[in-house]
Every structure is written in structure tokens, then in C-alpha cells.
Amino acid sequence: MTNCLIVGGGIIGLSLAYELSRRGLSVTVAEQGAWGGQASSAAAGMLAPLKEFSQPGPLLDLGIESLRLYPEWAAELEAEAGRDVQLCIDGLLTVALTEEEAEQLRAKFTWQRESGYDVRWLTGAAIRDVEPLLTDRAIAAIHSPSEGHVNNRMLLQALVTACKRRGVTLLSGCVVTGFVAERSRVVGVETTAGSLFADETIIASGAWAGIAMGWLGLSIPVLPVRGQIAAVDSAGIPLRTVIFGSTGYITPKRDGKIVLGATEDEAGFQREVTLEGLTGVLNGVMPYVPALSSAPFLEAWAGLRPATADGKPLLGPVPGWSGLSLAGGHFRNGILLSPITAKLMADYLEQGRTERLEPFLPERFTSVVSQGRKMG
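Cut-offs used in this document
- Starting from 1, residues in each chain are numbered consecutively following that chain's sequence as written.
- For this predicted model, a pLDDT threshold of at least 70 governs which residues receive local features, and a threshold of 80 or more governs which side-chain atom pairs are given and counted, while totals over whole chains, interfaces and linings are taken from all residues.
- Calculation of side-chain values draws on the structure's entire complement of heavy atoms; hydrogens and water are dropped beforehand.
- Both site types are read off a 1 Å grid over the protein atoms alone. A 1.4 Å probe that fits but cannot get out defines a cavity, while an open set with protein on both sides within 12 Å along at least five of seven lines defines a pocket; lining residues have an atom within 4 Å of a point.
- Grid points are joined across faces, edges and corners, and a volume is the space filled by probe spheres set on the points.
- Runs of H or I in DSSP of at least four residues are treated as helices and runs of E of at least two as strands, each being numbered from the N terminus.
- Residues are sorted three ways: Asp, Glu, Lys and Arg are charged, Ala, Val, Leu, Ile, Met, Phe, Trp, Tyr, Cys and Pro are nonpolar, and all the rest, Gly among them, are polar.
- By the criterion applied in these results, polar contacts are pairs of N or O atoms within 3.5 Å in which, for protein atoms, one can donate a hydrogen and the other can accept it, and in which residues neighboring in sequence qualify only through two side-chain atoms.
- We call two residues in contact when some of their heavy atoms are within 4.5 Å.
- Note on aromatic contacts: the rings of Phe and Tyr and the six-membered ring of Trp form a pair at centre separations within 6.5 Å, being stacked when their planes are under 30 degrees apart, edge-to-face when over 60 apart, and tilted otherwise.
- Remark: exposure states derive from per-residue accessible area (1.4 Å probe, protein chains only) relative to the maximum for the residue type, with buried under 20%, exposed over 50%, and partly exposed in between.
- When the NZ atom of lysine or the CZ atom of arginine is within 6 Å of a ring's centre and also within 35 degrees of its normal, the charge is said to sit over that ring.

Enquirer: Explain the layout of surface pockets to me, please; I cannot follow it from the model alone.
Expert: Where empty space is left becomes clear once a probe the size of a water molecule has been rolled over the atoms. Taken as a whole, the largest pocket spans an internal volume of roughly 680 Å³. As for the largest pocket, its lining consists of 47 residues, and the residues nearest its centre are Gln38, Ala204, Ser205, Gly206 and Ala207. Taken together, the elements giving at least two residues each to the lining of the largest pocket come down to α1 (11-22), β2 (27-31), α7 (209-214), β16 (297-307), β18 (324-328) and α9 (334-351). In terms of residue class, the lining of the largest pocket is made up of 26 nonpolar, 17 polar and four charged. Approximately 480 Å³ is the volume attributed to the second largest pocket. Lining the second largest pocket are 29 residues, and of these Lys51, Glu52, Phe53, Ser54 and Asn333 sit closest to its centre. Among the secondary structure elements, those contributing two or more residues to the lining of the second largest pocket are α2 (49-52), α3 (58-81), β13 (242-245) and β14 (248-252). Ranked by residue count, the leading element in the lining of the second largest pocket is α3, at three residues. Of the residues contributing to the lining of the second largest pocket, the split by class is eleven nonpolar, twelve polar and six charged.

Put into C-alpha cells, the structure is as follows:
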């Protein structure tokens, strides 16, 4: 029997598997599809808590702490896997094109500055000193020099390699169909490949986590939100920095691509790229960098982000059941929050302490639904 069984092989599941294996635990990861094939691939790899979170609080604190962990975490992962993850902590711009946007941006800048964060208010020519290709229509911007991005696809590849080298058992194409339980304790799962048993089972299956909770008669809602993203060739468009606007974001990568995003549309579990979605992405970014209109188109893709009702992830034990916990609901911040999620969840699984997880415990959504328990 393995120590820890992780259901879901996205960025959260793989990061947790890597962390647990580093602590000497035996780990198995069961993934129904490809590694990182959903929310982890529908991402631009943004590491931008000050941009993502609109107010102070536990979620921003979690993001800031995870960002601080990233350089050392990425360096250790690269050394372990022998793969580059293209971590770039070289700043980003959040841009206003109208007076109304500038007013909203200024209010955000004010509380961030008063909270002691490293942000700068730029106007006029000072904005284009940071990014010369930015449109002349930009009237104000927050410059956040301590934020950045990572190549999420290369990060996933590095995690898979590192997990393999640390002896993690990786089972792809393995669909979980139910839990194996003894009274109120989960001891494993039933899968299309047979039963898997573990001391601790962790559900990290992204948008599918709510379905798994329903098998136990629990309603912990996780909504799939489709994100559609595109990429163009950066040849002849030497962008220096990440640009966020009210209608899209632009992320220059070191692999020669510029990643453009992203939609947030509720389409159930459909993950196809739509013409409407792609058009929205492209039209949303071109006002910020007009030179993008001549960029060679490379590809478009989509994935399902797991959203919760309050926007906070689900971290910690599942109420009423021992041997079972959740690590999910990160919405569009799974890449950012992967190091801190792995650390805090591993601390919980080793020590049983939930103090650091208090704002994110699944019990805040717990209610018993009418359906009966489904177990293997």
C-alpha cells in the first residue's frame, strides 16, 4: 500500500507528488488523461498575485508566499529534472486605456502601496520606457517589478520527469470511478485499471473534484470554467514585459512565442476552442500592442479551470471522512499557487495540522446531498 494516492495529474497533483516524494513518502498519481491536460495547459504561467487578487486577505497572502517560494523551488526542480522551466521574474504592467480604468487602477495601486508591496505608478512616456511597443493610448499603468511568469508546459514536463526520478508511480489513462471505504475511512479508489489503496487519498482532479465529492454524498461545488488561449510568433515583435489590460493579457515567452489570453466561459466540460472565443482573445489584446496584428498565428488551445463559489481553493481534509483530503479549486491560479499548495498540503499530510489551511478548508462548503454514497 502506498502512503499517498493523488487523483489528478495537473500542476497541483504533480507538485504535491514531487513534494511528498522529497519527504520520503511513497506516492502514486492517477490521471484520467494527459499530464496537465486541463487547467494546467489552459494557462500562460502567470505569477502575478498583485494583479490577480483585487483585495488584501488570505488568498493574496497565499499568492505572495508562493511567489517568494518560486525561485528556489524552480531551481531545485530544474536540477532534479535536468529541464529548464523558463522562470522569468522580470515584472509586468497592468495598463489603463481610459480615464475610468485609470481611476480603478489608481485605487488598487493605493492599497497595494500602503500595504508595502513593490509597485510603481507610471503615466505617459514612463510607461513606454518599460515597454516601447505598448500603444500610445496607454494613459496609466501599475508596474510590478517583482512578479513574472513561468513556461507552464515546460514546468509540467519537469515535474513529470522529477516525479519519475523520485520513484513516484504515475498512472496516465487511469479513470477513477469511485472510492473504496471502510465505514468512514477512505482507503483507496476504484479505477478502470483496478483498485488502488493508500493511507491517504488526495483529490486534485481540478474541475472534476466536485463529482468525486458527490460519490460520498457531499456537495462541495467546483465549477468548470473554460479558458481559451492563443499563441503567436514573437519574431519581429520584441516585447520586453507582460502586459495586462481589461480585455486580455500578453505574455512574451523565451521559446519564441507570445501567449495571448484568455476567455472565461462556462461551457460545462467542453474544452474545444471556439471561433467566438478565439476572436475575443485576439481582439482583446491588439489594442494594447498594435504590432500583434501582423504576428504569425501559431496555435490556440483551451482547458477547464476549477472555480469555487468564493474564489478560494479547497485545501485540507474532507469533512466526515478520514484518509481523504482535497487540493483543488485554484481557478486560474494553479500555476502560481503550486509551490505553496504542495508545501502546506504536505505539512498537513505529515503532521495533521490545519492552522495554515484554515481559510481554505473544504468544510466551508459542506452539505449533505440527497444521493447515497457511491463506493467501490
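Having seen the structure, we can now continue with the description.
Enquirer: In this structure, what is going on with the side chain of Asn151? I would like to understand it.
Expert: Tracing the chain through its elements places Asn151 in the loop between β7 (148-149) and α6 (152-165). There is a polar contact of 3.2 Å between the side chain of Asn151 and the backbone nitrogen of Arg153. With sequence-adjacent residues up to four places away left out, Asn151 is seen in contact with Val85, Gln86, Lys253 and Asp255.

Enquirer: Teacher, can you tell me more about the side chain of Asn152 here?
Expert: Within the fold, Asn152 resides in helix α6. At 3.5 Å, the side chain of Asn152 forms a polar contact with the backbone oxygen of Ala43.

Enquirer: What is the right way to look at the packing of aromatic side chains in this model?
Expert: We describe a pair of aromatic rings using the distance from one ring centre to the other and the angle between the two ring planes. Inspection of the entire model under this criterion finds five aromatic pairs. Here Trp208 and Phe269 contribute two aromatic rings whose centre-to-centre distance is 5.0 Å and whose plane-to-plane angle is 45°, an arrangement assigned as tilted. In this pair, Trp208 is assigned in the loop between β11 (194-203) and α7 and Phe269 in the loop between β15 (257-261) and α8 (275-285), connecting sequence segments 61 residues apart. With relative accessibility at 23%, the residue Trp208 sits in the partly exposed group. Ring centres 5.6 Å apart and planes at 55° place the aromatic pair Phe244 and Tyr249 in the tilted group. The same class applies to Phe244 and to Tyr249, which are both buried. Lying across the ring of Trp301, Arg153 places its NZ or CZ 4.3 Å from the centre.

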